[in-house]
Amino acid sequence: MTCTVQRGCTRRGLCSFSLATALTFGLATIAPAEVHVEGSLAAVRVTTSQDSIADVLSAFAATFRIQYRTAIPLDAAAVNKTYSGSFGQVVSRLLDGYNYVIKRDQETIEIVVLSRGGEVVIPTPATTAPPTKGILSQWR
């Protein structure tokens, strides 16, 4: 009977250890990435670590008087780990490959991301109804 109890405890201990190890490694990969924004609009430095473009723009909004809107998801990771230069230069490098507009007011800056570069919206051709035939055309 002692062997059975020891095996049960050993199995339980091994399962607990395996579960703790799996959670530790799983949480290590889920750790949130961070964006650090330093400086002013004239000279800004942004440091990222596998952050999405939306996270970087959110960090800009938290640091400066900036708003951003997007018509598409910006879940792609930022290409570089560090961006530096003027605000316009940093945004240009960050949004390389996207179609966007920067609108500057007196106090705020608004970034509107329209689409990915190269994606052209082609409108569907208007369907034209065939000409209606009158009664006279049926007699010919």
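What this report covers is the structure whose coordinates are included nearby. (Residues numbered from 1 in each chain as written. Predicted model: local features only at pLDDT ≥ 70, side-chain atom pairs only at ≥ 80, totals over all residues. Heavy atoms only, no water.)

## Things to note about unusual backbone geometry
- In this structure, Gln50 takes a positive phi of about 60° despite not being glycine.
- Summarising the element assignment, Gln50 is placed in the loop between β2 (44-48) and α2 (53-63).
- What makes Gln50 exposed here is its relative accessible area of 64%. (Helix = DSSP H or I, 4+ residues; strand = E, 2+ residues; numbered from the N terminus. Buried < 20%, exposed > 50% of the residue type's maximum accessible area, 1.4 Å probe, protein only.)

## As for the nonpolar core
- Among the nonpolar cores identified, the biggest contains 24 residues, and Val46, Phe60, Leu74, Leu94 and Ile111 are the most heavily contacted of them.
- Counting only elements with at least two residues in this core, the list comes to β2, α2, α3 (87-94) and β6 (109-116).
- In terms of residues, this core owes the most to one element, α2, which gives six residues.
- Excluding anything up to four places from it in sequence, Leu94 contacts Ile53, Val56, Leu57, Phe60, Ala78 and Tyr83. (Core = buried A, V, L, I, M, F, W, Y, C linked by side-chain atoms within 4.5 Å. Contact = heavy atoms within 4.5 Å.)

## Let's talk about the pairing of strand β5 (residues 98-104)
- Two strands pair when backbone bridges link them, and β5 and β6 are joined in this way by seven bridges, in the antiparallel orientation. Each residue of the ladder has a partner; that of Val101, found in β6, is Val112.
- Linking β5 to β6, which pair antiparallel, is a turn of four residues. (Pairing = 2+ DSSP bridges.)

## Section: the side chain of Thr48
- With respect to the secondary-structure elements, Thr48 resides in strand β2.
- What makes Thr48 buried here is its relative accessible area of 6%.
- Among the polar contacts listed, one links the side chain of Thr48 to the backbone oxygen of Asn80, at a separation of 3.2 Å.
- What Thr48 contacts, discounting residues up to four positions off in sequence, is Glu34, Val35, Val56, Ala78, Asn80 and Lys81. (Polar contact = N/O pair within 3.5 Å; in protein donor to acceptor, adjacent residues only side chain to side chain.)

## A look at the pattern of salt bridges
- Taken as a whole and assessed by the stated rule, the structure comprises two salt bridges.
- For Arg65, the salt bridge goes to Glu107, with nearest N and O atoms at 3.2 Å. Of the two residues, Arg65 is situated in the loop between α2 and β3 (66-70) and Glu107 in the loop between β5 and β6; the sequence distance between them amounts to 42 residues.
- You can call Glu107 exposed: its relative accessible area is 57%.
- The closest approach of N and O atoms between Glu110 and Arg69, which form a salt bridge, is 2.6 Å. Here Glu110 is found in strand β6, whereas its partner Arg69 is found in strand β3, with 41 residues between them in sequence. (Salt bridge = Lys/Arg side-chain N within 4 Å of Asp/Glu carboxyl O.)

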